[in-house]
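Structural description and commentary
Here is how the chains run, residue by residue.
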Amino acid sequence: QVQLVASGGGLVQPGGSLRLSCAASGDIVSIDAMEWYRQAPGKQRELVASINNGGNANYADSVKGRATISRDNAKNTVYLQMNSLKPEDAAVYSCNARRVKTGTHLYLEVWGRGTLVTVSS
C-alpha cells in the first residue's frame, strides 16, 4: 500500500514563506506526477502546482512567481516552496501522486492528508 504524508503547514505572517513536504511511502517503483492542491473554506479545490517525473512544473496563475515545486525521486517526496504569502493563500494543502507503480500494483492516484496553512498577522 502507498501512503502520502504532507507536512510543513502552520501559521505564517503575510509576506512570509513556507515549505511544504509530501513524502510517499510503500513499495514504490516510480511516480509519474506529483501535485499540490489547496482548498480554502467555502471554495473549490484548486490545483496549485504539479511536477512530472522529468521535472517539468506547472503552476496556477494565482501562485506563479511565488511558488516553486520540486521533487526528490530518490525519496519519493515533493516539495512546495511558497513565498510572499498572502491571506488568500490560506487553505488546506494536499498532495496527490499520479500513476504510482509498486512491485505489484499501479495506482492511478494516491492522495495524502492535507496540511493547514494559515496566513495572518
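Shown above is the structure to which this text applies.
A brief report on the enclosed structure follows.

Rules behind the numbers
Residues numbered from 1 in each chain as written. Predicted model: local features only at pLDDT ≥ 70, side-chain atom pairs only at ≥ 80, totals over all residues. Heavy atoms only, no water. Helix = DSSP H or I, 4+ residues; strand = E, 2+ residues; numbered from the N terminus. Rg over C-alpha atoms; globule rule 2.2 N^0.38 Å. Buried < 20%, exposed > 50% of the residue type's maximum accessible area, 1.4 Å probe, protein only. Contact = heavy atoms within 4.5 Å. Disulfide = S-S within 2.5 Å. Polar contact = N/O pair within 3.5 Å; in protein donor to acceptor, adjacent residues only side chain to side chain. Core = buried A, V, L, I, M, F, W, Y, C linked by side-chain atoms within 4.5 Å.

**Remarks on the overall build of the protein**
Scanning the protein for helices and strands turns up zero helices and 11 strands. The C-alpha atoms of the protein give a radius of gyration of 14 Å, which matches the 14 Å a tight globule of 121 residues would have. Projected onto its principal axes, the C-alpha coordinates of the protein cover approximately 50 × 25 × 25 Å. For the protein, with 121 residues in total, the buried portion stands at 41%. Relative to all contacts within the protein whose residues are 6 or more apart in sequence, the contacts with residues 24 or more apart total 55%.

**Looking at the state of the cysteines**
Within this structure, the stated rule accounts for one disulfide. Sulfur-sulfur distance for the disulfide between Cys22 and Cys95 comes to 1.9 Å. An S-S torsion of about 60° defines the bridge between Cys22 and Cys95 as right-handed. Of this pair, Cys22 sits in strand 3 (residues 18-25) while Cys95 sits in strand 9 (residues 91-102), and the two are 73 residues apart along the sequence. The same class applies to Cys22 and to Cys95, which are both buried.

**Regarding the side chain of Asn96**
Along the chain, Asn96 falls in strand 9. Among the residues examined, Asn96 registers a relative accessible area of 0% and is labelled buried. Side-chain polar atoms of Asn96 contact the backbone nitrogen of Val110, separated by 3.5 Å.

**Description of the nonpolar core**
Membership of the largest hydrophobic core comes to 32 residues, with the highest contact counts inside it found for Leu4, Trp36, Leu80 and Tyr93. Elements with a minimum of two residues in this core: strand 1 (3-7), strand 3, strand 4 (28-39), strand 5 (46-52), strand 7 (67-72), strand 8 (77-82), strand 9 and strand 11 (115-119). Top contributing element to this core by residue count: strand 9, with five residues.

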